[in-house]
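Here are the chains, one letter per residue:
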Amino acid sequence: MTDQTHMENRTYDELKVGDTASLTRIAREEDFLIFATASGNHNPMHLAKYDGDGDGSPEAVAPSLWVGSLVSAVLGNLLPGAGTLYRSQTFSFSDRAEAGDELVVTVKVVEKLAGNGVRLATEVRRSGDDRLIVSGEAEVTAPVRKLTFDALEIPGLLVQRHRHFDRIIAQAGPLDPLVTAVVVPEEPNSLGGALLAMEESIITPILIGAPDKIAAAAAEIGRGLDGIEIIEEPDHAAAAMCGVDLVADGRAGAIMKGHLHTDDLLRAALRKERGLRAGRRFTHVFVMDVPGVPHPLLVTDAAINIEPDLKTKVDIVQNGIDVAISIGIETPKVGVLSAVETVNPDIPSSVDAALLAKMADRGQITGGLVDGPLAMDNAVDLGAARTKGITSEVAGRAEVLVVPNLDAGNMLAKQLAYISHAEGAGLVLGAKVPIILNSRSDDDMARLASCAVAALHHNRTRA
């Protein structure tokens, strides 16, 4: 919307017939989601994710009354401005606006009425072709006192929309389904995520566990198991061994954690004979879809390595870069976090961060841009980086955050999930195949996105 840093109203006595005011607004799908939440109008015609009229093409048509409501912004902000109250409004809709359209909203004083009333012609046009979208008339009570305001502080709204995961899932869709050993999917979340990924043609699951518990979980979520291979193994540790055997035998290209302890799964993966070791340390990567952040945010390592030494951190950084490339980040920007952005010998994480950045400069870590030490603020916020005088291609733009230890990583990931409403996909890297590692409390979206990340990574590394 046109920026209004200073607003001054027009009183009834100041208004003249023929006075006009306009503002511009770009229609965004986020606006339509906010309108749907506020109004209760959940018509799928207004959301690009859905084919609201069944014609085979998804729409993102602006709700008509959302377009009409833009008129009130001109009336309340510009003409007559602060203190204006509606009496009536008519609308005639001539065309439709869609997400991405720039709209020009104009009001014009037509008549001054008794009792401080004013009648105004109102219209909204698309700026590109001047196409009329809506026209009408407003009748308002104009203010009688002169008022001026600086820009009002209105709380911002954050749309909890996971567009990055939508893109990642769409990227994985055309690939051949990844045969995945799903270990102990004996409760609704772990089974539901695997079945959802199967329905999206991202994985072909082989379920390993107690058949009666798997069937009960399927019944609880109203899903069938027809055509899905189930291997009976009620013991969790043995089920994990069975999943690794499927990989060793060439029958599966990924392993997915179900309702069992992570230690049981990793113990099987790390066994010496027919295990999944591939030369690097096993490290965990969270791919976070954080509402309001313009790109996926990767956090590593937050689940496996408790106090990693420098050698382990090299693998953590390289694995993070590799999975970032797999999901479409061409040259990942890696911020190595510490409490400070300068090297302090008394803070080991700052020394490690500087060494990792230098190792990347020397080609010992490849595929991405690595900088550190960076504090959290100047890793993700350009303004904070500039305030600290940090000049870097990574500072303020980091896409991969490398934490000092598991405590810090786990806290950061959970803060993003529970305070910033992020969804997190979890993957273990460094093994011969991706290991999909979700928390037992993760929902279907997190598990589906984890499967999509695994499929993309498997496809790129096997190409």
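Look up a bit, the structure's there.
Residues numbered from 1 in each chain as written. Predicted model: local features only at pLDDT ≥ 70, side-chain atom pairs only at ≥ 80, totals over all residues. Heavy atoms only, no water.

1. Quick word on the sheet that holds strand β19 (residues 435-436)
(1) Moving on: Strand order in the open sheet formed by 11 strands is β11-β10-β9-β12-β19-β18-β13-β14-β17-β15-β16, and the pairing between neighbours is mixed. Both outer strands of the open sheet, β11 (229-232) and β16 (369-374), are each paired with one neighbouring strand and no more.
(2) Moving on: Two elements, strand β15 (residues 333-337) and strand β17 (residues 400-402), share three bridges in a ladder whose sense is parallel. Considered in β17, the bridge of Val 336 is made with Val 402. (Pairing = 2+ DSSP bridges. Helix = DSSP H or I, 4+ residues; strand = E, 2+ residues; numbered from the N terminus.)

2. Things to note about a positive patch on the surface
(1) Moving on: Taken together, the side chains of Lys 272, Arg 277, Arg 281 and Lys 311 define a basic patch exposed on the protein surface.
(2) Moving on: Here Arg 281 shows up in the loop between α7 (262-269) and β13 (283-289). (Patch = residues over 30% accessible without salt bridge, like charges linked within 9 Å, V, L, I, M, F, W, Y side chains within 5 Å. Areas by Shrake-Rupley, 256 points an atom, 1.4 Å probe, with all protein chains shown as cover. Salt bridge = Lys/Arg side-chain N within 4 Å of Asp/Glu carboxyl O. Lys, Arg positive; Asp, Glu negative; His and termini not counted. Charge placed at Lys NZ, Arg CZ, Asp CG, Glu CD.)

3. A word on the state of the cysteines
(1) Moving on: Within this structure, the stated rule accounts for zero disulfides.
(2) Moving on: The thiol sulfur of Cys 451 is not disulfide-bonded, and the nearest other cysteine sulfur, from Cys 242, lies at 18 Å.
(3) Moving on: Assessed through its relative accessible area of 0%, Cys 451 is described here as buried. (Disulfide = S-S within 2.5 Å. Buried < 20%, exposed > 50% of the residue type's maximum accessible area, 1.4 Å probe, protein only.)

4. Topic: the pattern of salt bridges
(1) Moving on: Applying the stated criterion across every chain, the model contains 25 salt bridges.
(2) Moving on: With its nearest N and O atoms 3.1 Å apart, the salt bridge here joins Glu 8 to Lys 146. Of this pair, Glu 8 sits in strand β1 (residues 6-8) while Lys 146 sits in the loop between β7 (131-141) and β8 (148-150), and the two are 138 residues apart along the sequence.
(3) Moving on: The class of Glu 8 is partly exposed, set by a relative accessible area of 43%.
(4) Moving on: A network of salt bridges, in which partner residues are shared, links Asp 95, Asp 101, Arg 126, Asp 129 and Arg 131.

5. Some thoughts on unusual backbone geometry
(1) Moving on: For the peptide bond that leads from Leu 79 to Pro 80, omega is 0°, which places it in the cis range.
(2) Moving on: Here Pro 80 is to be found in the loop between α2 (64-77) and β3 (85-89).
(3) Moving on: Along the chain, Thr 300 connects to Asp 301 via a cis peptide bond; the corresponding omega equals -5°.
(4) Moving on: Counting through the fold element by element, Asp 301 comes out in the loop between β14 (297-300) and α8 (310-326).
(5) Moving on: One non-glycine residue, Ser 201, adopts positive backbone phi at about 60°.
(6) Moving on: Looking at the element boundaries, Ser 201 is found in the loop between α4 (188-199) and β10 (203-209).
(7) Moving on: The backbone of Arg 274 shows a phi angle near 60°, a positive value even though the residue is not glycine.

6. Some thoughts on a nonpolar patch on the surface
(1) Moving on: Taken together, the side chains of Leu 65, Phe 91 and Phe 93 make up a nonpolar region of the molecular surface, amounting to roughly 260 Å² of accessible area.
(2) Moving on: Following the sequence through the fold, Phe 91 ends up in the loop between β3 and β4 (92-93).

7. Quick look at the packing of α8 against helix α13 (residues 444-462)
(1) Moving on: Two elements in contact, α8 and α13, have axes whose closest approach is 8 Å; the angle formed by their N-to-C orientations is 95°. In terms of their interaxial angle, α8 and α13 are classed as roughly perpendicular. Residues Asp 322, Val 323, Ile 325 and Ser 326 of α8 pack against Val 453, Leu 456, His 457 and Arg 460 of α13. (Axes fitted to C-alpha atoms, helices over the stretch in contact; angles between N-to-C directions. Parallel < 35°, antiparallel > 145°, perpendicular 65-115°, else oblique. Contact = heavy atoms within 4.5 Å.)

8. Overview of the packing of helix α3 (residues 163-172) against α13
For any two helices packed against each other, the geometry is given by the interaxial angle and the distance between the axes.
(1) Moving on: Where α3 meets α13, the closest approach of the two axes is 9 Å, and the angle between their N-to-C directions is 50°. By the angle between their directions, the pair α3 and α13 is classed as oblique. By crossing handedness, the relation of α3 to α13 is classed as left-handed. Contact with α3, carried on its side by Phe 165, Asp 166, Ile 168, Ile 169, Gln 171 and Ala 172, involves Met 445, Leu 448, Ala 449, Ala 452, Val 453, Ala 455 and Leu 456 of α13 and no other residues of that element.
(2) Moving on: The class makeup of the residues in the contact of α3 with α13 is 11 nonpolar, one polar and one charged. (Left-handed = near helix turned anticlockwise from the far one by under 90°. Nonpolar A, V, L, I, M, F, W, Y, C, P; charged D, E, K, R; others polar.)

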